[in-house]
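# Coordinate inspection notes
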Amino acid sequence: RSLVGSEMCIETVIYHFKNKVGLLIAVLGIVIGKTWLRFAHSLGVEPEDMWSGNAQFGIRDICAALMERNAASQDGAVVYTVLQGESLNEHHPAYEYYQKREHRVMDTLTRAVERDGLADPRREARTALSMMNGIRVRLAQGSGIVDLVADWNAYADFRWPRQS
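Being a predicted model, the structure only gives us computed values, none of them experimental.

### Details of the overall build of the chain
If you tally the helices and strands in the chain, you get eight helices and zero strands. Ordered by position from N to C terminus, the α and β elements of the chain give α-α-α-α-α-α-α-α. Classification of the 164 residues of the chain by burial places 35% in the buried group.

Here is the structure:
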């Protein structure tokens, strides 16, 4: 969309990024960076605080905010999910990008589980991420009505009952 009004031609874009792979990675970085910025701000912190571990949130808060962000931009969530699936092949241009992102997200979620004092933080973080990914896949498949937030909250209530 940004290029439409800029009078920049395809050749200029390809020259700058050298190839479609470079362009794909740049677009992913920009779009996901903006999404992460909105996500962090929804929690009242800066993105750097989330990645560095300076932000102190529990697993329910972080995952709920992520699913709310996905719900606010369902088209973006679907595109992300489809590209993520395609990039499972180590020869895909976005493979390395998604691998690095996965490690960063897992580290953030693991810290959140540790903050909550739950057993086996890495496994708990992996389970939470797997469930969020699964809900997004259902959305991408168009398999009926998927309510990202309600579906996530139902799982979270089952997995981590709120203390009364």
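### What about the packing of helix H4 (residues 59-72) against helix H7 (residues 121-141)?
Contact geometry for H4 and H7: axes closest at 11 Å, N-to-C directions at 15°. Our classification of the angle between H4 and H7 gives roughly parallel. Handedness of the crossing formed by H4 with H7: right-handed. Contacts between H4 and H7 involve Ile-59, Cys-63, Leu-66, Met-67 and Asn-70 on the former and, on the latter, Ala-128, Met-132, Ile-135 and Arg-136. When its residues are assigned to classes, the contact of H4 with H7 shows seven nonpolar, one polar and one charged.

### Let's talk about H4
Helical geometry: 3.6 residues make up each α-helical turn, so side chains three or four residues apart lie on a common side. Here H4 contains 14 residues, and its C-alpha end-to-end distance of 20 Å stays within 8% of the 20 Å for a straight helix at 1.5 Å per residue. Within H4, ten of the 14 residues are buried, which leaves it mostly tucked inside the rest of the structure. Taken as a whole, H4 has its buried residues at Ile-59, Arg-60, Ile-62, Cys-63, Ala-64, Ala-65, Leu-66, Met-67, Arg-69 and Asn-70.

### Focus on the pattern of salt bridges
Taken as a whole and judged by the stated rule, the model has six salt bridges. Ionic pairing is found between Asp-116 and Arg-115, a salt bridge with its closest N-O pair at 3.5 Å. A salt bridge links Arg-123 to Asp-120; its shortest N-O distance comes to 3.6 Å. The exposure class assigned to Asp-120 is partly exposed, which follows from its relative accessible area of 43%.

### Topic: the nonpolar core
Grouped together as the largest cluster of nonpolar side chains are 34 residues, with contacts concentrated most on Phe-39, Met-50, Ile-59, Ile-62, Leu-109, Met-132 and Trp-152. Put simply, the parts of the chain that give this core at least two residues each are helix H2 (20-42), helix H3 (47-52), H4, helix H6 (95-116), H7 and helix H8 (148-159). The greatest single-element share of this core, amounting to seven residues, is contributed by H4. Not counting chain neighbours up to four residues away, the residues in contact with Met-50 comprise Trp-36, Phe-39, Ala-40, Leu-43, Val-45, Ala-55, Phe-57, Ile-62, Thr-108 and Arg-111. Judged by nonpolar contacts, the second largest core, of six residues, contains Leu-28, Ile-32, Tyr-80 and Tyr-98.

What counts, and where the lines are drawn
What you see as residue numbers is a count from 1 along each chain, following the sequence as written. Only residues with pLDDT of at least 70 get local features here, since the model is predicted, and only at 80 or more are side-chain atom pairs given and counted; chain-wide, interface and lining totals rely on the full set of residues. Only hydrogens and water are removed before side-chain values are computed, so all heavy atoms of the structure are retained for them. Here a helix means four or more residues in a row that DSSP labels H or I, a strand means two or more in a row labelled E, and each is numbered from the N terminus. Whether a residue is buried, partly exposed or exposed follows from its accessible area with a 1.4 Å probe, protein chains only, as a fraction of its type maximum: under 20%, in between, or over 50%, in that order. Only the stretch in contact is used when a helix axis is fitted, and all axes are lines through C-alpha atoms; the angle between N-to-C directions ranges over 0 to 180 degrees. Throughout this description, any angle smaller than 35 degrees is read as roughly parallel, any larger than 145 degrees as roughly antiparallel, any in the 65 to 115 degree range as roughly perpendicular, and the remainder as oblique. Left-handed describes a crossing in which the near helix is turned anticlockwise from the far one by less than a right angle; the clockwise case is right-handed. The contact criterion used is simple: two residues touch if any of their non-hydrogen atoms lie within 4.5 Å. Charged means Asp, Glu, Lys or Arg here, nonpolar means Ala, Val, Leu, Ile, Met, Phe, Trp, Tyr, Cys or Pro, and polar covers whatever is left, Gly included. Each residue after the first adds 1.5 Å to the expected span of a helix. The rule for a salt bridge is simple: a side-chain nitrogen of Lys or Arg has to be within 4 Å of a carboxyl oxygen of Asp or Glu. In this description, a nonpolar core means a group of buried Ala, Val, Leu, Ile, Met, Phe, Trp, Tyr and Cys residues linked to one another through side-chain atoms lying within 4.5 Å.

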